[in-house]
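# Residue-level structural notes
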Amino acid sequence: MNRILRYCLTRMLRAISRLSFIMPLREKQILFYSFYGKQYSDSPKYISDYILAHNQDYNFTMYCGVKEPDKFKDFETQNLHFIKYKGLRFAFEHMRSKFIITNTTTFRLFARRKKQEMINTWHGGGAYKRDSFMLNSQSKIKSYYRKIYTVDVTLFLSSSKAFTEAFLYNVHHYKGNVLNVGLPRNDVILNTGLHEEIKKKVRQFFNFNSNIHIALYAPTWRGYDNGNSEKINFELLSDSLKKRFGGDWVLLYRAHDRTYTNDFQQVKNATIYPDMQELLITADVLITDYSSSIWDYSLLKKPAFLYVPDLKLYEERVGFVTPINKWGFAVCESNKELAKSIENYDSEKQLKAINENHELFQSYETGEASKRVFDYIVSRLDK
C-alpha cells in the first residue's frame, strides 16, 4: 500500500473509530503491545509483570497484542491474555481499555478517547542517533503522524533529560506529561539481586558452562544497505578478548527486531532469546554500533565497544543527536581498531567516560520505573 493511500485510510479510520466512543471504558483494563506486536518484551512486559505481582488489591485485566498469540499460552494467567495484534479482538479491547501501553508509536488507526490513558515507554534510552521523524520532517504525511503521537500520548517515560529535550520536545513538540523515572526494562539491570539467577537461566538456555565468557554482538537496524562495509571478524574478536581478559569465549549474535536474516553462521544466534535485558546482564562484553542498547549496558559498567565500519555513511544517512565520541565507549571503524581497543581496554578510563556521558544526558534511571508507572495508573482510576 503506497504512502498516500495509507495516509488517507488512517484519516478515515480515525474518524470512523469515534463511533466507538459510546462504548463504556473499562477502568481496570490495560492493553499492551511491544514492537508492533512482534514480541512480548521490553518495558511493557516489565510493567505487566510488576502489575501481576501487585494486582491483589486492584484486579486489573490485561491484554497483550502479539502477532502469534498461540506462542504465548504458557504466559497466560487469570488476569493476562494474549490476543492477535491488529485483529478484531485487539480493535475491540483497544477501544474500551482505559490504559494502553506501548514502546513504539501508537496504533494510529484509532483516535484516543477523552479519558483513555496512552503511556509510551519508548524502546531506546539515552539520546544517541536521530530517528525517522527527524528525517524528512517537512513531509506533510510525517507531520500528520507526528501530530497524532503528540495528541494521542498522555504520558511519556523518559530515560534522561537529553531524551526528553531531543526527542519529545524538539522533534514531536510534545506538551503532555513526562515521567522522569527511566525505562522499566532497566529496573532489572539496576536492581542486582536477581542477576546471578538470570545469568544461570541464560547459560542453561544456551547450554553454556559457568566458566565460559560471553561476548554479545548486537548491531542495530540501519534502513540502508551497508554491504560494502567491513564485516566483523569474529575470529579476531575472540583472539582479542582472550588476550585482554583471558579464559575461553563464546560469541552470541542478537539481531534487531527489524532484521530478518542472520549472516553470521560462526556464532550462536541469540535473536530467539525473548529478553534482551537478560542477555545484557549475562554478557561479559557487548559489541554494538549505533544501538541504544549501549545505554542499558552502560548502567552495568561493563566493557563495551562500538564497531562502526560504516560510520561516515551512517552520519550521512541517519546522523546523531549526540556525537558518537561522547557516548562513553571506544569507536572502532575497522576490525583492526576493534582488536586494538579491546586489547588496550582500561576499566577506569571507560568508567569515567560512562559517568561523564550520564552527566551529559542527565540520566533519570531510578530502578523503580515499573512501580512508578503502576502508581500512576492507580492514581488515574476513575478520572
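Provided above is the structure to which this section pertains.
An account of the accompanying structure is given in this report. Bear in mind the structure is a predicted one, so any value in this text is a computation, not a measurement. (Residues numbered from 1 in each chain as written. Predicted model: local features only at pLDDT ≥ 70, side-chain atom pairs only at ≥ 80, totals over all residues. Heavy atoms only, no water.)

### Some words on the packing of aromatic side chains
Keep this limit in mind: Centres within 6.5 Å make a pair out of two Phe, Tyr or Trp rings, where for Trp the six-membered ring is used; the pair is then stacked when the planes are under 30 degrees apart, edge-to-face when over 60, and tilted otherwise. Secondary structure elements follow DSSP: runs of H or I no shorter than four residues count as helices, runs of E no shorter than two count as strands, and numbering proceeds from the N terminus. Only protein chains enter the calculation, and the probe is 1.4 Å; a residue is then buried if its accessible area is under 20% of its type maximum, exposed if over 50%, and partly exposed in between.
By the definition in use, this model includes 33 aromatic pairs. Measuring from ring centre to ring centre gives 5.7 Å for Phe245 and Tyr345, while their planes differ by 55°; the resulting arrangement is tilted. Taken together, the residues span a long stretch of sequence, with Phe245 in helix H8 (residues 234-245) and Tyr345 in the loop between helix H12 (335-343) and helix H13 (347-361) at a distance of 100 residues. Residue classification places Phe245 among the partly exposed positions, given a relative accessible area of 27%.

### Side note on the pairing of strand E1 (residues 26-33)
Put simply, the test is: Paired strands, in this sense, are two strands between which DSSP finds at least two bridges.
As paired strands, E1 and strand E4 (residues 97-102) are joined by 5 bridges and run parallel to one another. In the strand pairing of E4, Tyr33 is matched with Thr102. Of the pairings in the sheet, the one linking E1 to strand E2 (residues 61-66) comprises 4 bridges and is parallel in character. Residue pairing for E2: Phe32 is matched across the bridge by Cys64.

### Concerning helix H14 (residues 369-379)
So the rule is basically this: Arc definition: it is the arc formed by the directions from the helix axis to the C-beta atoms.
The complete set of buried residues in H14 reads Ala369, Ser370, Val373, Phe374, Tyr376 and Ile377. Projection of H14 onto a plane perpendicular to its axis shows the buried side chains occupying an angular sector of 160°, all on one side.

### So, the sheet that holds strand E11 (residues 285-288)
The strand order across the open sheet built from 6 strands is E10-E9-E8-E11-E12-E13, with neighbouring strands paired in parallel fashion. At either end of the open sheet lies a strand with only one pairing partner, and these are strand E10 (268-269) and strand E13 (330-332). Bridge count for strand E9 (residues 249-253) against E10 is 2 bridges, and the pairing is parallel. By the bridge assignment for E10, Tyr253 is matched with Asn269.

### Topic: the packing of helix H2 (residues 42-53) against H14
Filter applied, for reference: Axis definition: a line fit to C-alpha positions, over the contact stretch in the case of helices; interaxial angles, taken between N-to-C directions, run 0 to 180 degrees. Our angle categories are set so that under 35 degrees counts as roughly parallel, over 145 as roughly antiparallel, 65 to 115 as roughly perpendicular, and the remainder as oblique. Left-handed describes a crossing in which the near helix is turned anticlockwise from the far one by less than a right angle; the clockwise case is right-handed. Whether two residues touch is decided by their heavy atoms; if any such pair falls within 4.5 Å, the residues are in contact. Think of it as three bins: nonpolar holds Ala, Val, Leu, Ile, Met, Phe, Trp, Tyr, Cys and Pro, charged holds Asp, Glu, Lys and Arg, and polar takes everything else, Gly as well.
Look at H2 against H14: their axes get within 9 Å of each other, and the N-to-C directions meet at 65°. In terms of axis orientation, H2 runs roughly perpendicular to H14. Our pair here, H2 against H14, has a crossing hand that is right-handed. Contacts between H2 and H14 involve Tyr46, Ile47, Tyr50 and Ile51 on the former and, on the latter, Ser370, Lys371, Val373, Phe374 and Ile377. Partitioning the contact of H2 with H14 into residue classes produces 7 nonpolar, 1 polar and 1 charged.

### Topic: the nonpolar core
Heads up, the rule is: Put simply, buried Ala, Val, Leu, Ile, Met, Phe, Trp, Tyr and Cys residues joined by side-chain atoms within 4.5 Å make one nonpolar core.
Counting 43 residues, the largest nonpolar core has Leu216 and Leu279 as the members making the most contacts within it. For this core, the leading source of residues is helix H9 (residues 276-282), giving 4 residues. Leaving out residues up to four positions away in the same chain, Leu216 has contacts with Leu252, Arg254, Met276, Leu279, Leu280, Ala283, Val285, Leu286 and Ile287. Of all hydrophobic cores here, the second largest spans 25 residues; its members include Phe60, Met62, Phe99 and Ala369.

### Quick word on helix H7 (residues 195-206)
Because each turn of an α-helix spans 3.6 residues, side chains separated by three or four positions end up pointing in the same direction. So the rule is basically this: Multiplying one less than the number of residues by 1.5 Å gives the expected span of a helix.
Taking 1.5 Å of rise per residue, the 12 residues of H7 would be expected to cover 16 Å, and the 17 Å separating its terminal C-alpha atoms lies within 8% of that figure. Of all the positions in H7, only His195, Ile198, Val202, Arg203 and Phe206 are classed as buried. Each buried residue of H7 sits inside an arc of 130° when the element is viewed along its axis, so together they form one side. Turned more than 90 degrees away from the buried face of H7 sit Glu196, Glu197, Lys200 and Gln204, all of them exposed. Once H7 finishes, Asn207 follows within two positions and takes phi at roughly 60°, a positive value.

No statement about biological role is implied by the geometric values presented.
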